[in-house]
Amino acid sequence: MKLAAVDYVILATYFAFVIGIGWVLRKKVSTSGDFLLSGRSVPLWITSLAFIAANLGAQELIGMAASGAKYGIMTAHFYWVGAIPAMLFMGIFMMPFYYGSKARSVPEYLKMRFDEKTRGFNAFTFAVMTIFSSGISMYALGLLLHLVLNWDFNTSVLASAAIVLAYTYLGGLTSAIYNEVLQFFLIVAGFAPLAILACAKAGGWHGIVSRLPANMTHSWRYMGSASQNPMGVELFGMVAGLGFVLSFGYWCTNFLVVQRAMAADSMSAARRTPLIGTIPKMFLPFVVILPGIAAVALAQMAGAGGAHLYELPLKAGTHVKDYDQVLTTLMARFYPAGMLGVGLTGLMASFMSGMAGNVTAFNTVFTYDIYQSYIHKGAPDSHYLKVGRMTTIVGVALSIGAAYLAQYYNNIMDLLQFVFGFVNAPLFATFLLGMFWKRTTAHGAFSGLVGGTIAASLTWGLTVAEGKGGVFGTLYTFPSVMAQNFWIAIFAFSACFLVTVLVTMMSPPRPEKELEGLVYGLTKIRHDEGAKWYQRPAPLAIGVSAMVILLNIWFA
Amino acid sequence: MDLRLPSGVFFTVLGAIVTGLGILHPDMRAPLTDVNVNLFAGLGMLAFGAFLLLMARRAAHRKS
């Protein structure tokens with residue numbers, strides 16, 4: 001793939017705009033709250049789009065097209081099952097406690113609800129995790145740009161990191177959030193035409209259905225047993241593992257996304273942030289997954305001269321398919337100079353929104369939950385603003401370090417991602433019990449988290465999938481790594497839930513007075529009387545649910 | 001800052017560049033495209049940019 005001058009002009013225009021937005025917003029920053037929490041003043045439509053854009057990193061974009069080509073329409077489960085229900089739950093049931101408690105971060109909520117050790121555990125693992133995930137994403141992007149454009153890995157990694165640093169350093173969270181919205185628009189502008197062109201060339205959805213195996217064009221029909229569908233996952237593992245434990249754990253407790261809703265200007269807007277976010281979210285599969293599915297159909301169609309219209313990319317020097325290159329090779333087949341620049345800018349934009357999301361979340365958790373809590377208490381606010389700004393630089397530098405680590409030790413990164421899965425999976429049980437059962441004690445929560453993590457490692461160590469896991473022996477063999485991941489999550493959640501309940505029963509309860517505003521039943525939730533029906537969370541959630549159910553039936 | 005303003009300007013500029021390319025080089029094609037992608041996508045971006053600018057103007061009027 002070769003870029004023309006106009007493509008570079010487009011890329012440069014985009015860079016100028018993101019930095020310009022940061023430059024204008026720098027004047028709004030005068031306290032640490034402005035820098036790290038946006039001063040809780042961002043309009044609803046912006047927080048809603050930022051809520052889903054922060055999750056739409058380069059890895060997600062590349063990975064969804066790759067999974068589309070590998071598994072077909074089942075990939076949409078990551079949206080329709082693995083995101084929407086959790087986002088609705090978060091808006092309706094959990095946001096009142098996050099926003100109403102006045103906590104500045106998710107770990108800080110844990111401190112208020114439970115105790116210092118539970119907060120410390122969460123803050124520390126979260127900080128490490130965000131650094132590594134932004135590093136891994138940076139590595140993925142650098143690798144791809146090197147493969148398709150022959151850009152130098154060092155230059156592209158350092159240049160894109162420098163731009164993210166520039167606008168987050170200038171305008172803090174507000175700048176990150178505002179840019180995420182621009183980036184979201186650009187991702188859609190860059191990839192929706194690709195989806196339309198690829199789909200039309202493959203003969204529309206009917207053309208795709210007629211060329212692909214049936215289990216790639218039906219999302220539910222082949223879920224009965226793991227051996228029938230390309231993902232190797234059965235119904236229960238999918239719904240309980242992905243749809244419940246993993247997705248609720250991510251969308252309801254991961255500060256990266258929760259932070260966007262907490263920046264909203266009122267409780268009502270904070271609750272509606274994830275709810276309104278679900279509307280674009282449910283249609284994203286048509287932009288990010290569909291090109292991958294269409295690619296498989298195109299690879300079977302003969303063009304002029306008998307050659308296939310498109311060949312699925314292979315890893316250099318092997319016959320192994322490299323699905324990660326599907327998105328970029330499709331762009332090269334469909335986009336002339338001009339649109340190619342827009343598509344590439346969209347890819348860069350997705351990388352930046354993902355990375356800025358990680359960096360700003362890391363910032364806040366480090367400054368408030370680690371620095372202010374354990375290193376330097378009781379300093380004036382201007383001190384924490386300075387620390388927040390410094391942490392931005394450190395966070396970006398550490399991400400770059402993680403990207404190089406990923407470049408040199410590929411397998412270590414695999415393992416690390418796995419370890420983070422262990423830490424994340426039980427978390428939702430802790431929040432569920434903490435928010436909805438006032439009896440839950442701090443000792444219960446902490447032992448539950450530890451118990452859940454141990455259960456996750458045991459499940460991983462005793463089962464095997466595609467040759468991975470099984471370090472302590474093999475009790476069971478999963479048909480795919482994905483099924484293994486889902487079941488690890490299920491065991492981690494159940495263990496955390498049980499241990500929390502057991503230890504809670506053995507430890508003394510906390511006085512109810514201390515739990516006001518933190519727990520269901522002891523918190524007044526405003527029901528927005530006087531608001532129009534479409535401005536209230538419940539009707540919104542019912543409408544969204546109906547739309548998602550229809551989409552699922554349509555593509556069942 | 002009203003975000004609709006800068007993003008409206010951004011998409012107008014982007015749309016103008018891509019539409020202009022589509023008009024100047026109507027035969028520009030990638031291996032698998034049959035239509036003038038730049039023209040259509042560019043017009044779409046122009047329309048979106050104009051929509052954002054219009055919304056920003058309406059909001060500014062209401063405030064003053």
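It should be emphasised that the depicted structure is a prediction, and the values quoted were computed from it without experimental measurement.

A few words on the overall build of chain A. Counting its secondary structure elements, chain A contains 23 helices and three strands. The C-alpha extent of chain A, read off along each of the three principal axes, is 80 × 55 × 55 Å. When burial is assessed residue by residue, chain A has 62% of its 556 residues classed as buried. For chain A, the proportion of contacts with a sequence separation of at least 24, taken over those separated by at least 6, is 80%. Accessible surface, chain A: about 20,500 Å² in total, of which carbon and sulfur atoms supply 67%. Side chains of chain A carry 34 positive and 22 negative charges; the gap between the two charge centres is 4 Å.

Once that is clear, we can look at the overall build of chain B. When helices and strands are tallied, chain B shows two helices and zero strands. Against the 2.2 N^0.38 benchmark of 11 Å for 64 residues, chain B shows a C-alpha radius of gyration of 15 Å, more extended than a compact globule. Counting only C-alpha atoms and orienting by the principal axes, one finds that chain B spans roughly 50 × 15 × 15 Å. Long-range contacts, defined here as pairs at least 24 residues apart, represent 69% of the contacts in chain B between residues at least 6 apart.

Looking now at the packing of helix 9 (residues 153–201) of chain A against helix 18 (residues 381–408) of chain A. All names here are of chain A. Packing of helix 9 against helix 18 leaves a shortest axis separation of 10 Å and a crossing angle of 160°. Classed by the angle they form, the pair helix 9 and helix 18 counts as roughly antiparallel. Of the two possible hands of crossing, helix 9 and helix 18 adopt the one that is right-handed. Where helix 9 approaches helix 18, its residues Phe-153, Asn-154, Leu-158, Ala-161, Leu-165, Thr-168, Tyr-169 and Leu-170 are matched on the opposing element by Arg-389, Met-390, Thr-392, Ile-393, Val-396, Ile-400, Tyr-404 and Gln-407. For the contact of helix 9 with helix 18, the per-class residue count stands at eleven nonpolar, four polar and one charged.

The pLDDT averaged across chain A works out to 90; a share of 97% of its residues lies at or above 70. The secondary-structure element of chain A with the lowest mean pLDDT is helix 19 (residues 410–424) of chain A, recorded at 67, while helix 15 (residues 290–298) of chain A shows the highest, at 95.

Residues and elements named next belong to chain A. Read from one edge to the other, the open sheet built from three strands follows the order 2-1-3, with strand pairing classed as mixed. Every interior strand has two partners, whereas the edge strands, strand 2 (468–469) and strand 3 (476–478), have only one. Across two bridges, the pairing between strand 1 (residues 463–465) and strand 2 is antiparallel. Its bridge partner being in strand 2, Ala-465 is matched across the sheet by Lys-468. Where helix 21 (residues 442–462) meets the sheet, it contacts strand 1, strand 2 and strand 3, and its direction lies at approximately 65° from that of strand 1. Packed onto the sheet, helix 22 (residues 481–506) meets strand 1, strand 2 and strand 3 and runs at close to 145° relative to strand 1.

All names here are of chain A. Relative orientation of the contacting elements helix 4 (residues 58–71) and helix 15 amounts to 40°, with a least axis distance of 6 Å. Compared by their axis directions, helix 4 and helix 15 come out oblique. As helix 4 runs across helix 15, the sense of the crossing is right-handed. The residues of helix 15 that touch helix 4, namely those facing Ala-65, Gly-68 and Ala-69, are Gly-292, Ile-293 and Val-296. Here the residues of the contact of helix 4 with helix 15 are counted per class, giving four nonpolar, two polar and no charged.

With that settled, the discussion passes to the pattern of salt bridges. Scanning the model with the defined rule gives ten salt bridges over all chains in all. With a shortest N-O distance of 3.2 Å, Lys-201 of chain A and Asp-34 of chain B are connected by a salt bridge. With Lys-201 of chain A in helix 9 and Asp-34 of chain B in the loop between helix 1 (4–24) and helix 2 (37–63), the pair connects residues from two separate chains. Classification of Asp-34 of chain B by relative accessible area gives exposed; the value is 55%.

A few words on the packing of aromatic side chains. All names here are of chain A. This structure, assessed with the given rule, holds 42 aromatic pairs over all chains. Through a chain of ring-to-ring contacts, three or more aromatic side chains come together here, namely Phe-89, Phe-93, Phe-97, Phe-244, Phe-248, Phe-428, Phe-436, Phe-493, Phe-497 and Tyr-520. Over the ring of Tyr-99 we find Arg-40; its NZ or CZ atom is 4.1 Å from the centre of that ring. Positioned over the ring face of Tyr-368 is Arg-104, at 3.7 Å from the centre of the ring.

A few words now on unusual backbone geometry. What you tend to see is this: most non-glycine residues have negative phi, and most peptide bonds are trans. All names here are of chain A. For Ser-38, which is not a glycine, the phi torsion comes out positive at approximately 60°. Within the secondary structure layout, Ser-38 lies in the loop between helix 2 (32–37) and helix 3 (44–53). A relative accessible area of 3% places Ser-38 in the buried class. If you check the backbone angles, Asn-150 has positive phi at about 60° while not being a glycine. By the secondary structure assignment, Asn-150 is in the loop between helix 8 (116–149) and helix 9. The exposed category is assigned to Asn-150, whose relative accessible area is 60%.

Tyr-98, Phe-191, Leu-298, Phe-334 and Phe-431 of chain A together with Phe-11 and Met-45 of chain B are the most contacted members of the largest nonpolar core, which totals 187 residues. Sorting elements by how many residues they give to this core places helix 9 of chain A first, with 23 residues. If you look at the next biggest cluster of nonpolar residues, it comprises 16 residues, including Met-74, Val-233, Leu-242 and Phe-486 of chain A.

Taken together, the contacts link 29 residues of chain A with 27 residues of chain B. Summing the contributions of chain A and of chain B, the shared interface buries around 2,500 Å²; its carbon and sulfur component is 85%. Three residues, Phe-17, Arg-333 and Pro-336 of chain A, lead the burial of chain A against chain B; their summed loss comes to 20% of the area buried on that side. Seen at the junction of chain A and chain B, the total is four residue pairs in polar contact (both at pLDDT 80 or more). Residue assignment for the side of chain A that touches chain B shows that the elements contributing at least two residues are helix 1 (5–25), helix 3, helix 9, helix 16 (326–334) and helix 17 (339–375) of chain A. Broken down by element, the residue count for the side of chain A that touches chain B peaks at nine residues, all from helix 1 of chain A. Within the side of chain A that touches chain B, the residues separate by chemical class into 25 nonpolar, two polar and two charged.

Take helix 4 of chain A next. Because the α-helix completes a turn every 3.6 residues, residues three or four places apart line up on one side. Residue and element names in this part refer to chain A. Over its 14 residues, helix 4 extends 19 Å from the first C-alpha to the last, a length consistent with the 20 Å expected when each residue adds 1.5 Å. With eleven of 14 residues buried, helix 4 is to be regarded as a mostly interior element. All buried positions along helix 4 are accounted for by Ala-58, Glu-60, Leu-61, Ile-62, Met-64, Ala-65, Ala-66, Ser-67, Gly-68, Ala-69 and Tyr-71. Note on helix 4: the residue one or two positions beyond its end, Gly-72, has a positive phi of about 80°.

What counts as what
Residue positions are counted from 1 within each chain, in the order its sequence is given. To label them, take the chains in the order written and letter them from A, then take the ligands in the order written and number them from 1. For a predicted model such as this one, the threshold for reporting local features is a pLDDT of at least 70, and the threshold for listing and counting side-chain atom pairs is 80 or more; totals across whole chains, interfaces and linings nevertheless cover every residue. The basis for every side-chain value is the complete set of heavy atoms in the structure, and neither hydrogens nor water enter the calculation. Strands here mean DSSP runs of E at least two residues long; helices mean DSSP runs of H or I at least four residues long; both are numbered from the N terminus. We call a residue buried when its accessible area falls under 20% of the maximum for its residue type, exposed when it is over 50%, and partly exposed in between, using a 1.4 Å probe and counting protein chains only. Note on definitions: a residue-residue contact is assigned when non-hydrogen atoms from the two residues lie within 4.5 Å. A 1.4 Å probe and the Shrake-Rupley method give the accessible areas. Residues count as covered only by the protein chains that appear here. By the counting rule applied here, Lys and Arg register as positive and Asp and Glu as negative, while His and the ends of each chain are not counted. To locate a charge, take NZ of a lysine, CZ of an arginine, CG of an aspartate or CD of a glutamate. Using C-alpha atoms as the atom set, the radius of gyration is obtained and then compared with a globule rule of 2.2 Å times the number of residues to the power 0.38. A fitted line through C-alpha atoms represents every axis, and for helices the fit uses only the stretch in contact; the resulting angles, taken between N-to-C directions, go from 0 to 180 degrees. Angle categories: roughly parallel below 35 degrees, roughly antiparallel above 145, roughly perpendicular from 65 to 115, and oblique for all the rest. Each crossing gets its handedness from the near helix: less than a right angle anticlockwise from the far helix is left-handed, clockwise is right-handed. The classification used treats Ala, Val, Leu, Ile, Met, Phe, Trp, Tyr, Cys and Pro as nonpolar, Asp, Glu, Lys and Arg as charged, and all other residues, Gly among them, as polar. The pLDDT value tells you how sure the predictor is about a given residue, anywhere from 0 up to 100. Whether two strands pair comes down to DSSP finding at least two bridges between them. What makes a salt bridge here is a side-chain nitrogen of Lys or Arg within 4 Å of a carboxyl oxygen of Asp or Glu, nothing more. For this analysis, a ring pair means two rings from Phe, Tyr or Trp (six-membered ring only for Trp) whose centres lie within 6.5 Å, classed as stacked if their planes differ by under 30 degrees, edge-to-face if by over 60, and tilted for the remaining angles. Only lysine NZ and arginine CZ atoms are considered, and such an atom sits over a ring when it is within 6 Å of the ring centre and within 35 degrees of the ring normal. The nonpolar core is taken to be a set of buried Ala, Val, Leu, Ile, Met, Phe, Trp, Tyr and Cys residues, with the residues joined through side-chain atoms within 4.5 Å. Two parts lose some accessible area (1.4 Å probe) when they are put together, and adding that loss for both gives the buried area. Polar contact is defined as a pair of N or O atoms within 3.5 Å, subject to the rule that within protein one atom must be able to donate a hydrogen and the other to accept it, and that residues adjacent in sequence are counted only when both atoms are side-chain atoms. To estimate how far a helix should reach, multiply one less than its number of residues by 1.5 Å.

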